[in-house]
Amino acid sequence: MTQPRACPPPVLRATALAALMAAAGLAGNLAQAQEAPSTLNRVEVTGSAIKRLESETALPVQVITRADIVKAGITTAAELVASLSAASNSLTDGVSIGTGGFKDQMGFNSANLRGLGTSSTLVLLNGRRMANFASPGDDSGVDLNTIPMAAIQRVEVLLDGASAIYGTDAIGGVVNFITRKDYQGVQLDAYAGASKEGGAGKRSASLAGGTGDIGRDGFNLFGVLDLQRTDALSTSQRQFISDLKIPERLPHLLSSAGFPANIRLSRDQRDYLQDQGFKINGKTISGRTINLSAPGCQPPHTLYLPEGIGGVDGCTYDFMRDIELYPKTDKASFLGRGVFQLDSSTQVFVETALTRSKSWYVGTSNRIDGEVDVARIPALAATGLADALPDDRSITVRTRLLDAGKRASELTSTGQRVVLGLTGSTAGWDYDLAYNRSTNKVADRDVAGYLLYDKTMAAFADGTINPFGLQSDKGLAFLRNNQINEEVRSAKGTMEVFDIKGTRALTQLAGGEMALAIGAEVRREKGSSAASALLLSDNIVGDSTPGDAQFTNSSRKVWAVYGELNAPVSKELEVQLALRHDHYDVVGSTTNPKIGLRYSPSKQLLVRASAGTGFRAPSLNDLYRPVKTGQTAVLPDPVCMKENDNDLSTCADFWETRTYANPKLKPETSKQFSFGLVIEPHPQWTVSLDYWNIAKKNVISTIGDDVILGNLSKYESLVHRLNENEGLAGCDYDPEDSTICFIELRKENRGRQRASGLDIGIDLKGLKSSVGEFGVRLAGTVVLKSQKQTGFGDDYISNLGKFVTDGVVQRWRHRLTLDWSQGAYSLALSNTYSSAYTDQNSAIDTNSGTIVAPNKVKAYSLWDLSGAWNATKDLTLRAGVKNLLNTTPPYSNQAYFFLSGYDPSYTDPRGRFAYLSAQYQFR
């Protein structure tokens, strides 16, 4: 991605709210500056409300142009964010795909700058806010699927957080997607790509058209329609899944529900069968899990793994052979914009964006624990078990409903956004005002592989379903005719904003005009979500009821005023000051300053610095969401370990969690500063180095369940046990049983978070030679510190170069691009790199009682190559290969994400991917 030429982004740009204003009246000027850089029009740059020449800006803004986006083969906003060196631990489709787990915020793709959390990164469209992803959950932010990518002219990433212009909640930074404006003509684009091993193919087409010249005709109308379709990617299509050797390395992270079914015996049933000498694989059974087909089982999905979760007498199901790694998607978006000149100094504009993203998340075939009478299992009936234990003749079978097909959920995220505004000049002021209404709707539909629980249990009991072999015609008909196709979850989020801003010159200083900007905004946020009656009845196999946790209905109002002053004290020194006051219903008010300095003693050197404070109010979900039930990864209970001679096979398990909102939460606050140098030893060579430091306090979070169980001396009050007579629902009191009932995860203000690092940019361009012109660009980030307290006064826990609870922040990430061009031809070779780190190393084998072998996750480096041919002045053809070396995701033993064997939060399972694209313009 292109690192902005050391050109100084506005010092105050750390003011992240200025983008709100930039969207409205700046439209025409931004486009002209973009498409005709030789003009001297003053424009807004992300981070400041004051127009200035692009070469006058002062703080670090990383700019990715449309040419960069096309050259990199990027077709979605999520792909672009994944390439940013400053982004870490963002939400991706790979993270969402685990339909075997809990569906909280499935389908959400987010940006996460500095690894401070999705909720601390502000995503804007033309400098104005968008509605957040509607589904309730721990993360609050814009769904990148609702960005109309074909309409984007450039992306500006403000790497200095807490903006006094856009909003002081932008603690990690701002990603501002800026659309084309004042376009004239028609442009057709087509794209098609396929992966080397099949799956994840992609096709897209877009049509852009515009008419009218503001200066000549007094209007401009512009629109872009974009259609995209991506194919699913199954594990069966990727050799690297086999090469990871997941069954051998992580047998205990697999499943005990396979096909043919495992039988889960009661203790009395096991003891009786042992006394009868009942054998599996030629040996008398030793455990409570047995499989009558062992050791044959049914490869490749159901395996005999004595060290696996199925144990020595059973079979283990490798769900990584029965899942998709990449969803099928169908996306459509439209962005339209009209600008009309009312008089010589006034313009009115309207902008509308409509997006729809459908994703089909396909997980494993459904599993169920069915009850079967022992008489229906000949091998067990022959032992006399039914007569010996007449009150215990029901056998539990853990099986996978392969013949019902894989579970599939259709997730539809739609966005609607309308901005109506007025820009102009009066009495020496340039003004910009607009009304912005943005909505996001999410619908989650169970479409395949889900069945009614009561009917399925009855079908087991009467023999309609055979859990041990081929289904009868009657069984197949049942599995085919009783599937659910119904919307089970829905959510809607709405944001309405009115903002106004004015700028003017005040007086002439030694370095130029002192300029002032003042502005205000009023915002209303609303969110609601619900579950279907069927889902609430808890009668869907494989999709448990969320209870009240899915029902939310809340709103709040926010108003803010701000000001910015730009003072060029001398030709060398510029000072920028900003101040913002926000008021949130219930939460209260805050005032946050920002100061920026730009010092340029020569054309070859620029020194820039900023300091400011930030404020992030708790989200509506943080404050009001009903209790959400979930579960941990397999973790040991220290109390049980003490009582059972440290036997992990007895004391490690999935423990229930209950996450509580907290209406008494305080806002997060932050202090941040940055200091940087931009050196231009030659007009063709720019180097930038920026140090950044962010400190948050009153961090809103829950404590990681692994952290709680690892420090019971401090957090025992959060672990609720059956021998504690607390009167809690679902925790039947038993003074003799210390088993965990549930672990309490409560939203609290918990201590501080600190992050710091260096952003490095190198830009060499226009290096001419006899064989063409060359260029080199590097945008890299080295993180020096990333740590968080779990409570006030606690020691800091670092996730820098180490996977902790739910993710990792790599020490070094970069994007390097080498360019070549000659005449009508051009080439680009790019490298995206993430450094190695220490793995989670916490997975436990509950059969053998051993912990997974420690692992170091290897560095991840992808090379991309693309080439273009300008066949005519109107036609451009491009071909490219992403992941040129077919590099596979490195092995990881992380146990947080549903997918096993690698970390899906930053890796790409597609492998080598080749594409062709064409662009034709009618001028």
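1. Digging into the packing of aromatic side chains
Consideration 1: By the definition in use, this model includes 13 aromatic pairs.
Consideration 2: Ring geometry for F673 versus Y691: centroids 5.9 Å apart, planes at 45°, classification tilted. A residue pair is termed long-range when its members are at least 10 positions apart, and F673 in strand β31 (residues 668–682) and Y691 in strand β32 (residues 685–697) qualify at 18 residues.
Consideration 3: The class for Y691 is partly exposed, based on a relative accessible area of 25%.
Consideration 4: Arranged with centres 6.3 Å apart and planes meeting at 85°, the rings of F803 and F897 form a pair that is edge-to-face. Here F803 is found in the loop between β39 (796–798) and β40 (812–822), whereas its partner F897 is found in the loop between β47 (875–882) and β48 (913–922), with 94 residues between them in sequence. With respect to burial, F803 and F897 carry one shared label: buried.
Consideration 5: A connected cluster of aromatic rings, assembled from ring pairs, spans F803, Y896 and F897.
Consideration 6: Above the face of the Y183 ring, R180 is positioned so that its terminal group lies 5.8 Å from the ring centre.
Consideration 7: Over the ring of F913 we find R910; its NZ or CZ atom is 4.9 Å from the centre of that ring.

2. Comments concerning helix α13 (residues 473–481)
Consideration 1: Where α13 is concerned, the buried positions are G475, F478 and L479. Seen along its axis, α13 keeps its buried residues to an arc of 95°; they face one direction. Those residues of α13 that are exposed and angled more than 90 degrees off the buried face are D473, K474, R480 and N481.

3. A few points about the confidence of the model for the protein
Consideration 1: Summing up the model confidence of the protein, the mean pLDDT is 88 and the portion of residues at 70 or higher is 92%.
Consideration 2: The low-confidence segment residues 1–41 (pLDDT under 50) makes 207 contacts with residues lying over four places distant or belonging to another chain.

4. Focus: the state of the cysteines
Consideration 1: Evaluated as defined, the whole model comprises three disulfides.
Consideration 2: A sulfur-sulfur distance of 2.0 Å marks the disulfide that ties C297 to C315. One disulfide, between C297 and C315, carries an S-S torsion of -85° and so falls in the left-handed class. Here C297 is found in the loop between β13 (289–290) and β14 (302–303), whereas its partner C315 is found in the loop between β14 and β15 (316–317), with 18 residues between them in sequence.
Consideration 3: Here C297 falls in the buried class, since its relative accessible area comes to 12%.
Consideration 4: Judged by relative accessible area, which is 2%, C315 ranks as buried.
Consideration 5: Each disulfide pairs two cysteine sulfurs, and for C731 the partner residue is C741, the sulfurs being separated by 1.9 Å. Residues C731 and C741 are joined through a disulfide that is left-handed, its torsion about the S-S bond being -85°. Taken together, the residues span a long stretch of sequence, with C731 in the loop between β34 (719–721) and β35 (740–746) and C741 in strand β35 at a distance of 10 residues. A single burial state applies to C731 and to C741, both of which are buried.

How each quantity is defined
Residues numbered from 1 in each chain as written. Predicted model: local features only at pLDDT ≥ 70, side-chain atom pairs only at ≥ 80, totals over all residues. Heavy atoms only, no water. Phe/Tyr/Trp six-rings, centres within 6.5 Å; stacked < 30°, edge-to-face > 60°. Helix = DSSP H or I, 4+ residues; strand = E, 2+ residues; numbered from the N terminus. Buried < 20%, exposed > 50% of the residue type's maximum accessible area, 1.4 Å probe, protein only. Lys NZ or Arg CZ within 6 Å of the ring centre and 35° of its normal. Arc of directions from axis to C-beta. pLDDT = per-residue confidence, 0-100. Contact = heavy atoms within 4.5 Å. Disulfide = S-S within 2.5 Å.

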